[in-house]
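Structural description and commentary
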Amino acid sequence: MNQKQLSFYNNQLVEIYSEAISDAQFTLGYLKVIDAAYSLVYSIDDYGVLESIQLRQNRYISDVVAKSDYLSYYRRLIVLNQQYNRYDPFQLAALYAHHFAQIDSFDTVTVGEPIYTVLSIAHDELLVGRVAEVTAQSLTLASCPVMPVMQAARTVISKADIISIDLLSIQNQLMTALNQ
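Scope of this entry: the structure provided in the associated data block. What you are looking at is a predicted structure, and each value in this text was computed from that prediction instead of being measured.

Thoughts on the pattern of salt bridges
Taken as a whole, this structure holds one salt bridge when the rule is applied. When the shortest N-O distance is used, the salt bridge between Asp107 and Lys159 registers 2.3 Å. One end of the pair, Asp107, is in the loop between helix 3 (92-100) and strand 6 (115-120); the other, Lys159, is in the loop between strand 9 (154-158) and strand 10 (162-169), with 52 residues separating them in the sequence. Judged by its relative accessible area of 9%, Lys159 falls in the buried class.

Right under this line is the structure:
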């Protein structure tokens, strides 16, 4: 979808579909910042909690649904979580504002410390790790071994194949804590 089509849904809770993955799978979240090539998505988990903040390529967004019974249920669940201060338990929104707001494309992803989750059309599973290298055409991701004896594998991912990158997520925050 293009920027103009997506901007209609700015700051709304929506279902975001990508034909590149599967017609049945979608991301539940808020489209926050939308430019010509990328959208920032605040992804919501099954419990109505902010699960991740992801940078997503607009060209892989095939459809957006803004009205459904499913969304009505999650709107109520999110409000309940906000009332009890459970909506953003890992303070991802604040972390994003302080440390990641400068990332506005796959070219500006930080090499080194942060752990990212990458969804790519060229890989069957989510890739989790630290960015070891960024070139004009690709990202090299070094996996994060959970056990000290494991080797970190490196995966080169074409930027053209990347659907989304979780800049921050609950999972990645926990992985960071385990790898320190």
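The structure having been displayed, the exposition proceeds.
So, the pairing of strand 4 (residues 50-57)
Burial within strand 4 is extensive, with seven of its eight residues counted as buried. Two strands pair when backbone bridges link them, and strand 3 (residues 38-44) and strand 4 are joined in this way by seven bridges, in the antiparallel orientation. Looking at strand 4, one finds that Leu40 is bridged to Leu55. Here strand 3 folds back onto strand 4 in antiparallel fashion, the turn holding five residues, of which Gly48 has a positive phi close to 75°. Strand direction decides the pairing type here: strand 4 and strand 10, joined by five bridges, are antiparallel. Considered in strand 10, the bridge of Gln54 is made with Asp166.

Procedures and definitions
Position labels on residues start from 1 in each chain and follow its written sequence. Reporting in this predicted model follows two pLDDT cut-offs: at least 70 for local features of residues, and 80 or more for side-chain atom pairs to be given and counted; totals over whole chains, interfaces and linings ignore these cut-offs and use all residues. Hydrogen atoms and water are omitted, and side-chain values are computed over all heavy atoms in the structure. Basic side-chain nitrogens of Lys or Arg form a salt bridge, by our definition, when they fall within 4 Å of a carboxyl oxygen of Asp or Glu. Secondary structure counts use DSSP, requiring at least four H or I residues in a row for a helix and at least two E residues in a row for a strand, with both numbered from the N terminus. Burial classes follow relative accessibility: with a 1.4 Å probe on protein chains only, a residue under 20% of its type's maximum area counts as buried, one over 50% as exposed, and anything between as partly exposed. Each pair of strands is called paired provided DSSP finds at least two bridges between the two strands.

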